[in-house]
Amino acid sequence: MSKQETPNMRNVSHRGPDEFSELKIGEPVRIAAGTQGVYQALKHSFKEMGVLRSIPALFKMNQKNGFDCPSCAWPDPEHPSPIAEYCENGAKALADEATTSHIGADFFRKYSVEELSRFTDYQINAFGRLTEPLILRENSIHYEPVTWEESYDLIAEYLMSLRHPDEAIFYTSGRSSNEAAFLYGMFARALGTNNLPDCSNMCHESSGVALSETLGIGKGSVKLEDLYEAEVILIAGQNPGTNHPRMLSALEKCKAHGGKIVSINPLLESGLVNFRNPQSVKGMLGGGTQLADVHLPVMINQDIPLVKAIMKKLAALDKETGDVFDHDFIRDYTDGYAELMEDLDRYDLAELIGQTGVGEEAIDEVVSYLAGAEKIIVCWAMGLTQHKNSVATIKEYVNLLLLKGAIGKPNSGTCPVRGHSNVQGDRSVGIMHYVNKGLNERIEKHLGFTPPAHSGVDVVGAMQAMHDGKAKVFMCLGGNFLMAASDTDYTAEAIRNCELTVQVSTKLNRTHLVTGKTALILPTLGRSEKDVRDGVEREVTTENSMGRVRASKGVLKPASASLKSEIEIVAGIANAYFREGHPVNWKAMGEDYGLVREKIDLVAKGFEKTSERAKGTGYYLPNNARERDFSKLPNGRAKITVNPLPDHHLAMDEFMLMTVRSHDQFNTTVYGMDDRYRGIYNERRVLFMNPGDMQEIGLKKEDVVDLTSEYDGILRKAYKFKVVPYDIPSRNLAAYFPETNPLVPHNHFAEKSRTPISKSIRVRIEKRTDI
Ligand SMILES: Nc1nc2c(c(=O)[nH]1)N[C@H]1C(S)=C(S)[C@@H](COP(=O)(O)OP(=O)(O)OC[C@H]3O[C@@H](n4cnc5c(=O)[nH]c(N)nc54)[C@H](O)[C@@H]3O)O[C@H]1N2
Ligand SMILES: Nc1nc2c(c(=O)[nH]1)N[C@H]1C(S)=C(S)[C@@H](COP(=O)(O)OP(=O)(O)OC[C@H]3O[C@@H](n4cnc5c(=O)[nH]c(N)nc54)[C@H](O)[C@@H]3O)O[C@H]1N2
Ligand code: SF4
Ligand SMILES: [Mo]
């Protein structure tokens, strides 16, 4: 084992290698799911974990008495099909978690963190499941085994040595159960800090802010069944075929009932074009459904002018007939109508449309759907949330719904489609960096301690605090902070500044390699695994994208007997810190999750008799927007808002880059090197580009380019991408995250929500002549 002078000198690569593999470009596959999808899914599962391990697990996924799919947050139907309630990507997520490849002390004796960092993220994940607690001691470059007790004591010791609790930061990724997230959030507060950044800060925070300000609740208002009989569903800035595949089944039902589906996206994403439902006879036999009736290829971040143009056209029609807008609803439930109408009058229609890049005919078609419809749903995801003006963009879509009275009635409403399977639940049970007065009062009353009254850091704040040396201990309950956060070089420097970093994880990732001076890996059970104590199989709960809380009980034998549940780990640390001297009995809660749920019921809003009601497919949390109750908002009314147009100044040689997911990844976890639906095979370092733009700047297919972004005079660079001609609006580019994260400046984020601008990065393209 080699020793180093100082750990900051560990020669660990935070970006990983950038060698190319053998790129193959095919035609985009326009048929999503169907037999092909299931075949791909099973092939993947079987390769990963073997037939015996996968079959029972797949058939328990999303079933009553089974476990909640660990992948996305799309809801399960209230009456699951007994055969299969999973999709290709759910099966991949399960296979990735249930893999039979395991790594422990021998593996880390063989490979130093320096060597491991020379592997790609795909290879790092493929090493397999973490099986025992490990420590990277100061001055060492090899992880070595450590006992659970020593880990807990060490964390407690570091926490006790802080000058202020705000020198500790507790990040959460959205896979944690409600119980784990609750204990974790309460532990941080008991310690005295609200430093509780979470993946939501990089994800749907903009939705939370926009919806809270307009409708008085930071969550969506629709239930799954609402989609089935909606008259119009707008899908804006979301790629459900890859990221929420079972949403396509719901859209298919909507189509069958005569509903219209509108796709609003710079890219024509597969699935919306042609979908074969593997769970229907028609799908099995090969006939597909054309889901989207119309596609609006909006330019990146031009949704506001697009929605304004649509509303302006609707307003003109309403002037003629008086019944296009829901005037009763507007009068009884909203504020701000007159101001919005004045705002729309200010704009020239042709200019608005010109700004969007969308043809007027397609816009007119959408207007004709909307004009006569009463039941309208807007679904969206990262294509709306990760821009500087994301909060305004989402508010503009909310305006459209409010004008139509399409809130708080069946088959209508807001549908921000959440990412991680329990990201919404984590927030509901207290993972938030800001102060919530009501929550603090309930903590005081029911947990018996006084939580801090000052806010903590979000993800951006966490990066900056660590970078500036203001934070010393960084703990992550899941996730891969280094690769998920913006500005990879900056974030790496930030993490390296810490004294202690702690990762509670299932699989190895780069945040285990780029660490503080001392680092711990605490390996945990995955969602699909049995959690047994004293012969009793324990269950946890999660909340899906539509506010339904359900029980989740793993079925597989754990990857290793040494694994502990996240709940036990958090309770273990809290117990080591407080010993007996605290009103909360952490130890007991780590053993009996029912005790945790009892406290959740008392402390988190809307939870009630959770242990009992979460059984089966669970229960809905209260939702004021669903009930047309806007009493929490000023004047007790929903807020129609006036939002400015986006203001981008692209220099002559600049392009607008969006960073998106491939079909073979879950966030920073790379399952494979293909993006089948977009026709990309065996390579991730690609840049999707408009063929006309390529010609204009003299680029050919597969030319190699570097990308640079320049903000505040600082140049950032991402190296080596192969250019792929693609159907994308002119001056727009797409490439995969996390490879492009070094381009996203840490100090540029959405107004109010502070979500990094991962979907609209101004970049320049430099052709490489040396490759
Ligand atoms: N298989 C799989 N499933 C996942 C994930 C995964 O990585 N893999 N991640 C999970 C997580 S955490 C999340 S948050 C979700 C993410 O789900 P998505 O938001 O669907 O994921 P992205 O790939 O970021 O896709 C964003 C989409 O927005 C479009 N877009 C970009 N900019 C704009 C714009 O300005 N306007 C409009 N109208 N569209 C735009 C892009 O073309 C793309 O289709 O998925 C979850 N589910
Ligand atoms: N440029 C760019 N950046 C982005 C985005 C983008 O669209 N573009 N999207 C953003 C979004 S929406 C999100 S949500 C974030 C994601 O950010 P994170 O949530 O931080 O990242 P993930 O890649 O989901 O985390 C993967 C790791 O989680 C661990 N893990 C998996 N399952 C479990 C479990 O059950 N328990 C525990 N404890 N650990 C587990 C594994 O070790 C795995 O390596 O990334 C954001 N970053
Ligand atoms: S749609 Fe999402 S939650 Fe449902 S099975 Fe697929 S990946 Fe899992
Ligand atoms: Mo996300």
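In this text the structure is predicted, and so the values were computed from the model without any measurement.

Novice: Break down the packing of helix α8 (residues 205–215) against helix α19 (residues 390–403) for me, citing the residues and quoting the values.
Specialist: For the pair α8 and α19, the least separation of the axes is 8 Å and the interaxial angle reads 45°. The orientation of α8 relative to α19 falls into the category oblique. The handedness of the crossing between α8 and α19 is right-handed. Counting all contacts with α8, which are made through S206, S207, V209, A210, L211, E213, T214 and L215, the residues of α19 involved are S390, V391, I394, K395, V398 and L402.

Novice: Go over the domain arrangement of the protein, please, and point to the residues and values.
Specialist: According to the domain assignment, the protein consists of domain 1 (3–17 + 647–767), domain 2 (102–199 + 425–608) and domain 3 (205–416). Across the contact, 33 residues belong to domain 1 and 39 residues belong to domain 2. Taking both partners together, domain 1 and domain 2 bury about 3,000 Å²; carbon and sulfur atoms supply 49% of that area. For domain 1, the biggest contributors to the area lost against domain 2 are R10, H14 and H746; these three give 25% of the whole. Viewed at the interface, domain 2 and domain 1 are joined by 3 salt bridges. A salt bridge links R15 to D489; the shortest N-O distance between them is 2.9 Å. For the side of domain 1 that touches domain 2, a count of residues per class yields 14 nonpolar, 13 polar and 6 charged.

Novice: Describe in detail the sheet that holds strand β20 (residues 540–543), supporting the description with residues and values.
Specialist: The strand order across the open sheet formed by 3 strands is β20-β21-β22, and the pairing between neighbours is antiparallel. Bordering the open sheet on either side are β20 and β22 (619–620), each of which pairs with just one other strand. Bridging between strand β21 (residues 548–552) and β22 involves 2 bridges; their strand directions are antiparallel. Residue R548 lies in a different strand from β22, and its bridge partner there is Y620.

Novice: I'd love a proper account of the site of ligand 2, names of residues and values included.
Specialist: Not every one of the 30 residues close to ligand 2 is listed here, only the nearest: Y171, S173, E566, T668 and N741. Within the contact set of ligand 2, a nitrogen atom lies 2.7 Å away from a backbone nitrogen or oxygen of A484. Separating a nitrogen atom of ligand 2 from a side-chain N or O atom of T659 is a distance of 2.9 Å. Compared with its free state, where it exposes 920 Å², ligand 2 has 96% of that area covered by protein. Within the shell around ligand 2, the residues separate by chemical class into 9 nonpolar, 16 polar and 5 charged. Taken domain by domain, the makeup of the shell around ligand 2 includes at least three residues from each of domain 1 (3–17 + 647–767) and domain 2 (102–199 + 425–608).

Novice: Can you tell me about the sheet that holds strand β13 (residues 376–380), naming the residues and giving the values?
Specialist: The sheet built from 5 strands is open, its strands ordered β11-β9-β8-β13-β14 with parallel pairing. The open sheet terminates on both sides in strands that have one partner only, identified here as β11 (294–296) and β14 (413–416). Each strand of the sheet is rotated relative to its neighbour by a mean of 20°, with strand direction disregarded. Pairing between β13 and β14: 4 bridges, direction parallel. Residue pairing in the sheet places V378 in a bridge with T414 of β14. Most of the contacts of helix α17 (residues 360–372) go to β11, to which it runs at about 120°, and overall it touches β8 (232–236), β9 (260–264), β11 and β13. α19 contacts β8, β9, β13 and β14 of the sheet and is inclined by roughly 170° relative to β13.

Novice: Just give me the short version of helix α16 (residues 349–356), but keep the residues and values in it.
Specialist: Listed in full, the buried residues belonging to α16 are L352, I353 and T356. For α16, the angular spread of the buried residues around the axis is 95°, confining them to a single face. Facing away from the buried side of α16 by over 90 degrees, the exposed positions are A350, E351 and G354. Buried residues along α16 sit in contact with α13 (303–321) and α17. G357 sits one or two residues past α16 and shows a positive phi near 80°.

Novice: Would you mind going over the pattern of salt bridges in detail, with residue names and values included?
Specialist: Inspection of the entire model under this criterion finds 55 salt bridges. The shortest N-O distance in the salt bridge between K507 and D96 comes to 2.9 Å. Residue K507 is found in the loop between β16 (500–505) and β17 (518–523), and its partner D96 is found in helix α2 (residues 88–97); the two are separated by 411 residues along the sequence. Take D96: its relative accessible area is 10%, and that puts it in the buried class. The salt bridge involving E97 is made with R175; its shortest N-O contact spans 3.9 Å. Of the two residues, E97 sits in helix α2 while R175 sits in the loop between β7 (168–172) and α7 (178–191), which places them 78 residues apart along the sequence. Bridged by salt links that share partners, the residues D653, E654, E710, R762 and R764 form one connected network.

Novice: Explain the site of ligand 3 to me, using residue names and the numbers behind them.
Specialist: Every residue close to ligand 3 is listed here: N62, C69, S71, C72, W74, Y86, C87, G90, P245 and R246. Residue classes in the shell around ligand 3 are distributed as 6 nonpolar, 3 polar and 1 charged.

Novice: If you had to explain the UniProt feature "domain: Molybdopterin dinucleotide-binding" (unreviewed entry) in the protein to someone new, which residues and values would you point to?
Specialist: Listed under "domain: Molybdopterin dinucleotide-binding" (unreviewed entry) in the UniProt record, and renumbered for this structure, are residues 655–760. The span residues 655–760 is 6% helix and 39% strand, and its two end C-alpha atoms sit 9 Å from each other.

Novice: So what's going on with unusual backbone geometry? Residues and values would help.
Specialist: Between F737 and the following residue, P738, the backbone shows a cis peptide bond with an omega angle of 10°. With respect to the secondary-structure elements, P738 resides in the loop between β31 (732–736) and β32 (761–767). Of note in the backbone geometry, N65 takes a positive phi value of approximately 65° without being a glycine. Looking at the secondary structure, you find N65 in the loop between α1 (34–58) and α2. A positive phi angle, near 45°, is found at K609, a position not held by glycine. Here K609 lies in the loop between α27 (593–603) and α28 (610–613).

Rules used in this analysis
- Residues numbered from 1 in each chain as written.
- Chains lettered and ligands numbered in written order.
- Predicted model: local features only at pLDDT ≥ 70, side-chain atom pairs only at ≥ 80, totals over all residues.
- Heavy atoms only, no water.
- Axes fitted to C-alpha atoms, helices over the stretch in contact; angles between N-to-C directions.
- Helix = DSSP H or I, 4+ residues; strand = E, 2+ residues; numbered from the N terminus.
- Parallel < 35°, antiparallel > 145°, perpendicular 65-115°, else oblique.
- Left-handed = near helix turned anticlockwise from the far one by under 90°.
- Contact = heavy atoms within 4.5 Å.
- Domains from an automatic or database assignment.
- Buried area = accessible area lost by both parts, 1.4 Å probe.
- Salt bridge = Lys/Arg side-chain N within 4 Å of Asp/Glu carboxyl O.
- Nonpolar A, V, L, I, M, F, W, Y, C, P; charged D, E, K, R; others polar.
- Pairing = 2+ DSSP bridges.
- Near = heavy atom within 4 Å.
- Polar contact = N/O pair within 3.5 Å; in protein donor to acceptor, adjacent residues only side chain to side chain.
- Areas by Shrake-Rupley, 256 points an atom, 1.4 Å probe, with all protein chains shown as cover.
- Buried < 20%, exposed > 50% of the residue type's maximum accessible area, 1.4 Å probe, protein only.
- Arc of directions from axis to C-beta.
- UniProt positions renumbered as here; feature names shortened; annotations may be inferred.

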